[in-house]
Amino acid sequence: MSVLSAMHIDRVSRLPCVACKVLLGIETRPVEIHHIESNRHAFSDFLVLSLCWEHHQGYTGVHGRHRLGFEKLHGVTQMQLLGVVISMLLADRQSLVGG
């Protein structure tokens, strides 16, 4: 893991569960890091979601239902959730720099 990917994972791990935020409108913590690609490569650590235990490993989670089952149950794809994670990181960065 590179220094940059470790920094990215640290920032994502500070976010609330992205699924709870999108699906339920609540901020749930703590979170676990979920890699959206099972075939790991040099940039896999940048393709991660912040998920609570239930949405990660629980019965309704991405590992409990597997990817397609999770996406069908919740009506949202992992790529859509990744977009929300990116927007949350950018919003957090803007608040840090005062923009």
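Residues numbered from 1 in each chain as written. Predicted model: local features only at pLDDT ≥ 70, side-chain atom pairs only at ≥ 80, totals over all residues. Heavy atoms only, no water.

Undergrad: Is there a simple way to think about the overall build of the chain in this case?
TA: Across its full length, the chain holds 5 helices and 2 strands. Order of helices (α) and strands (β) in the chain, N terminus to C terminus: α-α-β-β-α-α-α. Relative to the globule expectation of 13 Å for 99 residues, the C-alpha radius of gyration of the chain, 13 Å, shows essentially globular dimensions. Each principal axis of the C-alpha distribution contributes one length, and for the chain these read about 40 × 30 × 20 Å. Looking at the 99 residues of the chain, the share that counts as buried comes to 36%. Contacts in the chain between residues at least 24 apart in sequence constitute 49% of all its contacts with a sequence separation of at least 6. Of the roughly 6100 Å² of accessible surface on the chain, a fraction of 60% belongs to carbon and sulfur atoms. If the 9 positive side-chain charges of the chain are averaged to one point and the 8 negative ones to another, these points end up 3 Å apart. (Helix = DSSP H or I, 4+ residues; strand = E, 2+ residues; numbered from the N terminus. Rg over C-alpha atoms; globule rule 2.2 N^0.38 Å. Buried < 20%, exposed > 50% of the residue type's maximum accessible area, 1.4 Å probe, protein only. Contact = heavy atoms within 4.5 Å. Areas by Shrake-Rupley, 256 points an atom, 1.4 Å probe, with all protein chains shown as cover. Lys, Arg positive; Asp, Glu negative; His and termini not counted. Charge placed at Lys NZ, Arg CZ, Asp CG, Glu CD.)

Undergrad: Whenever I open this one, the environment of Trp53 confuses me. Can you help?
TA: For Trp53, the position within the fold is in helix α3 (residues 53–56). For the pair Trp53 and Arg11, spaced 42 residues apart in sequence, the C-alpha to C-alpha distance is 18 Å. Look past the residues within four positions of Trp53 in its chain and what remains in contact with it is Glu32 and Gly58.

Undergrad: Can you help me understand the nonpolar core in this one?
TA: Side chains that are nonpolar tend, in soluble globular proteins, to be buried together. Grouped together as the largest cluster of nonpolar side chains are 21 residues, with contacts concentrated most on Cys17, Val18, Leu49, Leu51, Leu81 and Val85. Listing elements by their share of this core, those giving two or more residues are α1 (3–13), α2 (18–24), β2 (48–51) and α5 (78–97). Here the element with the most residues in this core is α5; it accounts for 5 residues. Not counting the four nearest positions on each side in its chain, Cys17 is found in contact with Thr28, Val31, Ser50, Leu51, Cys52 and His55. (Core = buried A, V, L, I, M, F, W, Y, C linked by side-chain atoms within 4.5 Å.)

Undergrad: So what exactly am I meant to see when it comes to the side chain of Ser44 here?
TA: Relative to the helices and strands, Ser44 is located in the loop between β1 (32–35) and β2. The residues contacting Ser44, other than those within four sequence positions of it, are His35, Glu37 and Asn39.

Undergrad: Is there a simple way to think about α1 in this case?
TA: An α-helix turns once every 3.6 residues. As a result, residues three or four positions apart point the same way. Along α1, the residues that are buried comprise Ser5, His8, Ile9 and Val12. Each buried residue of α1 lies within a common arc of 95° when the element is viewed along its axis, so the set occupies one face. (Arc of directions from axis to C-beta.)

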